[in-house]
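Spelled out from the first residue to the last, the chains are:
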Amino acid sequence: MTPSSDPDAGERPVVFDLDPDCTLSDVEPDNYYRATVNGVVDYGVFVDLSDSVSGLAHESTYDGSYEVDDELVVELTEIRENGDLSFEPADLDDYETVEVGHDYDVSDAGELTDAVGETVHLEGEVVQIKQTGGPTIFHLSDETGVIPCAAFEEAGVRAYPEVEIDDVIRVTGLVEERDNALQVEVEKLDVLTGEEADEVEGRLAAALEARAEPHEVEPLVEWPALSQLFPDLREVATQLRRTVLESRPIRVRHHADGDGMCASIPVQLALERFIEETHQDPEAKRHLFKRLPSKAPFYEMEDVTRDLNFALEDQARHGQKLPMLLMLDNGSTAEDVPAYKNLAHYDIPIVVVDHHHPDPDAVEPFVDAHVNPYLHDEDYRITTGMMCVELARMIWPDITEELRHVPAVAGLCDRSKADAMTDYVELAESEGYAESFLREIGEALDYEAHWLKYDDGRNLINDVLNVGADSEQRHRELVEFLAERSEVAVDKQLDAAMPHVEHERLDSDAHLYRIDVENHAHRFTYPAPGKTTGEIHDRKVRETGDPVITIGYGPDFAVLRSDGVRLDIPEMVSELDEEVVGGGVSGGGHLVVGSIKFVPGMREAVLDALVEKMADAELDEELQSTVVGHEQDD
């Protein structure tokens, strides 16, 4: 016996009370232990010291009898070579109890590839709980990744019902490979509390902060106007990486036009590859990321209602956290605020990367981050696609080679006249993209966005943009086909519409063209009213070479385009809403490109007041051909 446990040594003997996880390595001969009888036989009783430590007390070592579940103190007398343990019941009246915890060799969730078939211990945070028709799946996140842990009570019954999302847990289980992915079959799961939980939480928080840090990247082209946005973009990249590590879903809402897709596709590719690196669950990409196009350049109540409903359903059905909302190429204006207020009732962070003329005072109380060139005294010439290519590279720099042509496509789609466009086009040309083909990519994106409507068209759009695609030949053939179909559709539309275009010369000497796109253009087909108005406008700019304003209108909307005239469409919309009583005016967009809505009965009054404001606007030859984008209003 050891001196500390000898009842004749003059000191109180020590009886060790083992934690259920303790193993053979936690016991020594000649020590006393608390035990529980787990079986009675003719030649003695079997006793348990922990879940995995047990042995025999021979009937020759005690008088009397025991029953199953009796508790007693035993002395460990022998550990045989085959691992069998021998005990003797001990009759101690006065002793000191010492609890013994198991020293865990904690494994890393992201480093279990070589541990298949082995029992491991994991510590981390519960980030998702999913009840299947069989086991309960707890997704455990630690410093290295996220792994599903399957616990079985009985088919379809919740195992460990006391465990909740964000709990810190310790799992002991067998590593198995299922459907080409790793999973831990849970043998034991404990919720940690007190100092143990604090220690794990501190460790996880430090690791999360380090892993969320974005990569340092150099801009694809030297452009100080864009480079000054890099700190803001790094903040967003950090939030997105942290969101993935926390297993919070990300829902992207982007404008359904060329620039919106040039913004969202690179970010989607970067985040999905980061998810693959950090999550063992092959379904993680599908659950943690969703891209959703928006027809309007702002967050409509219809869209937010649908998004919120799906998010709450996913939370209930799949045990997910509520998502982060990432707004790309929209989200900066007062028109977005009602939708944001709706989300404010729930734990849904909002991040915005946009280049529309912003209303920061209205928007920023509701968003966690807001990147917009106007906030740095720049303008829409820095497109959202240009910003998001850099954002994607900060998240996952290995995709840079796939994205070199994308900023040029984004700029051409949104008609950016920034000096840096020359550098972007040259960069794309160095990758084998002629400028004429880049323009065809933009036309193909707009054409497909029209027909996809509310569908993200993931694989099709990836092939058109050649990001995350697997066939260069198919990409080029598809773009040529779609661009040709777009051209045919536009020519057909303009053949019908151009004879109905009305013209007048404003007092400022600018040309004003009007077209009733509801009655003098094909409906429910490509191009939509916004695109139709833009194509008419471009033709008139080329024909006249002078300052041009074009209005395409319907019963309750008008689409506005301007070249060479100093307009401020968002400000004009705000003034019209105040001045035209009962007009119900709303809308916005860029300074010289936008759309407005109104009640049908006030159309003439709204349009007349709008033209008066346009007539008072100053001319600026430097603004020639700065028409931006294909903002469409169906």
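Refer to the structure printed above.
Quick caveat: nothing in here was measured; it's all calculated off a predicted structure. (Residues numbered from 1 in each chain as written. Predicted model: local features only at pLDDT ≥ 70, side-chain atom pairs only at ≥ 80, totals over all residues. Heavy atoms only, no water.)

Moving on, we get to helix α9 (residues 384-395). Every α-helical turn comprises 3.6 residues, leaving residues that sit three or four positions apart pointing alike. Its 12 residues give α9 an end-to-end C-alpha distance of 16 Å, which sits within 8% of 16 Å, the value for a rise of 1.5 Å per residue. The element α9 is extensively covered by neighbouring structure, given that 12 of its 12 residues are classed as buried. (Helix = DSSP H or I, 4+ residues; strand = E, 2+ residues; numbered from the N terminus. Expected span 1.5 Å × (residues − 1). Buried < 20%, exposed > 50% of the residue type's maximum accessible area, 1.4 Å probe, protein only.)

On to the pairing of strand β9 (residues 136-141), then. Most of β9 sits out of view: 6 of its 6 residues are buried. Judged by which residues are buried, β9 turns out to be covered on both faces: Thr 136, Phe 138 and Leu 140 on one side and Ile 137, His 139 and Ser 141 on the other are all buried. Sheet analysis places β9 next to strand β10 (residues 146-151), joined by 6 bridges and oriented antiparallel. Looking at the pairing, Phe 138 lines up with Cys 149 of β10. (Pairing = 2+ DSSP bridges.)

Here we take up the packing of aromatic side chains. On inspection of all chains with the given rule, the structure shows 9 aromatic pairs. Residues Phe 16 and Tyr 33 carry aromatic rings whose centres are separated by 5.8 Å and whose planes lie at 40 degrees to one another, so their mutual orientation is tilted. One end of the pair, Phe 16, is in strand β1 (residues 14-18); the other, Tyr 33, is in strand β2 (residues 32-41), and 17 residues separate them in sequence. For Phe 16, a relative accessible area of 17% puts it in the buried group. For Tyr 33, a relative accessible area of 1% translates into the label buried. Seen from their ring centres, Phe 138 and Tyr 160 are 6.4 Å apart, and the 70 degrees between their planes marks the pair as edge-to-face. (Phe/Tyr/Trp six-rings, centres within 6.5 Å; stacked < 30°, edge-to-face > 60°.)

Trp 223, Leu 240, Leu 391, Ile 395, Ile 441, Leu 445 and Leu 465 are the most contacted members of the largest nonpolar core, which totals 93 residues. In terms of residue count, helix α4 (residues 258-278) provides more of this core than any other element does, 10 residues in total. Counting residues in hydrophobic clusters, the runner-up holds 30 residues, among them Ile 551, Val 573, Val 592 and Ala 609. (Core = buried A, V, L, I, M, F, W, Y, C linked by side-chain atoms within 4.5 Å.)

The next point concerns the environment of Cys 388. As for its position among the elements, Cys 388 is in helix α9. The spacing of Cys 388 and Val 406 is 18 residues in sequence and 9.8 Å in space, taken between C-alpha atoms.

Let us look at the sheet that holds strand β12 (residues 181-191). Here 5 strands make up a closed barrel; going around it, the order is β8-β9-β10-β12-β11 and the pairing mixed. Across this sheet, the average inter-strand angle for adjacent strands is 55 degrees, counted without regard to direction. Relative to strand β11 (residues 168-178), strand β8 (residues 119-131) runs antiparallel, the two being bridged by 7 bridges. The residue of β11 that forms the bridge with Glu 123 is Arg 170. (Axes fitted to C-alpha atoms, helices over the stretch in contact; angles between N-to-C directions.)

Taken N-terminus to C-terminus, the directions of α4 and helix α11 (residues 406-413) make an angle of 155 degrees; their axes are 7 Å apart at the nearest point. The angle between α4 and α11 places the two elements in the roughly antiparallel class. Here α4 runs over α11; the crossing is left-handed. Where α4 approaches α11, its residues Gly 258, Asp 259, Cys 262 and Pro 266 are matched on the opposing element by Val 406, Val 409, Ala 410 and Cys 413. For the contact of α4 with α11, the class distribution of residues is 6 nonpolar, 1 polar and 1 charged. (Parallel < 35°, antiparallel > 145°, perpendicular 65-115°, else oblique. Left-handed = near helix turned anticlockwise from the far one by under 90°. Contact = heavy atoms within 4.5 Å. Nonpolar A, V, L, I, M, F, W, Y, C, P; charged D, E, K, R; others polar.)

In this structure, Cys 413 sits in helix α11. Linking Cys 413 and Gly 385, residues 28 residues apart in sequence, is a C-alpha distance of 9.7 Å.

This next bit is on unusual backbone geometry. Residue Tyr 526 is joined to Pro 527 through a cis peptide bond whose omega torsion reads 0 degrees. Checked against the element boundaries, Pro 527 lands in the loop between β19 (511-516) and α16 (529-544). Despite not being glycine, Ser 247 shows a phi value in the positive range, around 55 degrees. Within the secondary structure, Ser 247 is located in the loop between α3 (230-245) and β13 (250-255). What makes Ser 247 buried here is its relative accessible area of 5%. You will see that Asn 466, though not glycine, has its phi angle at about 60 degrees, which is positive. Following the sequence through the fold, Asn 466 ends up in the loop between α14 (458-465) and α15 (472-497). The class for Asn 466 is buried, based on a relative accessible area of 12%.

Further remarks concern the state of the cysteines. Counting across every chain of the model gives 0 disulfides. Residue Cys 413 stays outside any disulfide, its sulfur separated by 5.1 Å from that of Cys 262, the closest cysteine. (Disulfide = S-S within 2.5 Å.)

With mixed pairing, the 6 strands of this open sheet are ordered in space as β18-β19-β20-β21-β23-β22. The two strands at the open ends of the sheet, each matched to only one other strand, are β18 (502-505) and β22 (586-589). Neighbouring strand axes in the sheet, compared pairwise and without regard to direction, differ in orientation by 15 degrees on average. When strand β20 (residues 548-553) meets strand β21 (residues 557-563), the two strands line up antiparallel, connected through 6 bridges. Looking at the pairing, Gly 552 lines up with Val 559 of β21. On top of the sheet, helix α17 (residues 569-579) reaches β21, β22 and β23 (593-597); it is set at about 170 degrees to β22, its chief contact.

Geometry only, nothing functional implied.
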